[in-house]
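Spelled out, the chains give:
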Amino acid sequence: MAEETIFSKIIRQEIATPLLYQDELVSAFRDIYPKAPCHILIVPNKLIPTINDVKEEDELTLGRMITVAKKLAAAEGIAEDGYRLIFNCNNDGGQEVYHIHMHLVGGHALGPMLSK
Ligand code: AMP
């Protein structure tokens, strides 16, 4: 059994992080340490620790994460200028929270995709 992270508590609203969006599959809330003017995390309600653990049965949830990202980008007013969607996986990918999440970042030009 994978161990729950703080994201499960946010999804269940056991801690008072405001939700920007929630439905039966996914939830979204602002990143606590934003790396850009807009930095939102879109997460499956179900605990999936890493992208390596994704199963075919999760495809609907993963697709929903993208349509929710699109809607939130529009709501944040950054859709036309553009934004970036990021998944980090495991140590080399820089993953810190082991409950998969898509970062929606934008609000200014983000520069090169990778830097060390
Ligand atoms: P990652 O490195 O892809 O695992 O990203 C984890 C992200 O979760 C980081 O950007 C953190 O700032 C963010 N984060 C960690 N704890 C919280 C929290 N309680 N509420 C919102 N964002 C969080």
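What comes next concerns the included structure. Since the structure is predicted, the reported quantities are computational estimates derived from the model, not experimental observations.

Structural notes on the side chain of D23
- Checked against the element boundaries, D23 lands in the loop between β1 (21-22) and β2 (26-30).
- Separated by 2.8 Å, the side chain of D23 and the backbone nitrogen of L25 make a polar contact.
- Side chain to side chain, D23 and R64 meet in a polar contact 2.7 Å long.
- With residues near it in sequence (within four places) discarded, D23 still touches N45 and R64.

Describing unusual backbone geometry
- Positive phi is not limited to glycine here, since Q13 has a value of about 60°.
- Checked against the element boundaries, Q13 lands in the loop between α1 (6-11) and β1.
- If you check the backbone angles, N90 has positive phi at about 60° while not being a glycine.
- Checked against the element boundaries, N90 lands in helix α3 (residues 90-93).

With respect to the pattern of salt bridges
- According to the stated counting rule, one finds 7 salt bridges in the structure shown.
- Linking E24 and R64 is a salt bridge whose minimum nitrogen-to-oxygen distance equals 3.4 Å. With a gap of 40 residues between them, E24 in the loop between β1 and β2 and R64 in helix α2 (residues 59-76) connect regions that are remote in the sequence.
- With a shortest N-O distance of 2.9 Å, R30 and E76 are connected by a salt bridge. Taken together, the residues R30 in strand β2 and E76 in helix α2 connect sequence positions 46 residues apart.
- Given a relative accessible area of 41%, R30 falls into the partly exposed group.
- Counted as one network, the salt bridges with shared partners bring together E4, R12 and E14.

Quick notes on the side chain of H103
- Its location among the elements puts H103 in strand β5 (residues 102-106).
- A distance of 2.8 Å separates the side chain of H103 from the side chain of H39, its partner in a polar contact.
- What H103 contacts, discounting residues up to four positions off in sequence, is D31, H39, I40, L41, R84, L85, I86 and N88.

Observations concerning the site of the ligand
- Close to the ligand lie 17 residues; D31, G94, E96, H101 and H103 are nearest.
- A distance of 3.1 Å separates a nitrogen atom of the ligand from a polar backbone atom of I32.
- V97 is positioned with one of its backbone polar atoms (N or O) 2.9 Å from an oxygen atom of the ligand.
- Protein contacts shield 90% of the accessible area of the ligand, which totals 500 Å² for the unbound molecule.
- Among the elements of the structure, α1 and β2 are those that each provide at least two residues to the shell around the ligand.
- It is α1 that provides the largest number of residues to the shell around the ligand, a total of 3 residues.
- For the shell around the ligand, a count of residues per class yields 8 nonpolar, 5 polar and 4 charged.

Rules of the game
- Residues numbered from 1 in each chain as written.
- Predicted model: local features only at pLDDT ≥ 70, side-chain atom pairs only at ≥ 80, totals over all residues.
- Heavy atoms only, no water.
- Helix = DSSP H or I, 4+ residues; strand = E, 2+ residues; numbered from the N terminus.
- Polar contact = N/O pair within 3.5 Å; in protein donor to acceptor, adjacent residues only side chain to side chain.
- Contact = heavy atoms within 4.5 Å.
- Salt bridge = Lys/Arg side-chain N within 4 Å of Asp/Glu carboxyl O.
- Buried < 20%, exposed > 50% of the residue type's maximum accessible area, 1.4 Å probe, protein only.
- Near = heavy atom within 4 Å.
- Areas by Shrake-Rupley, 256 points an atom, 1.4 Å probe, with all protein chains shown as cover.
- Nonpolar A, V, L, I, M, F, W, Y, C, P; charged D, E, K, R; others polar.

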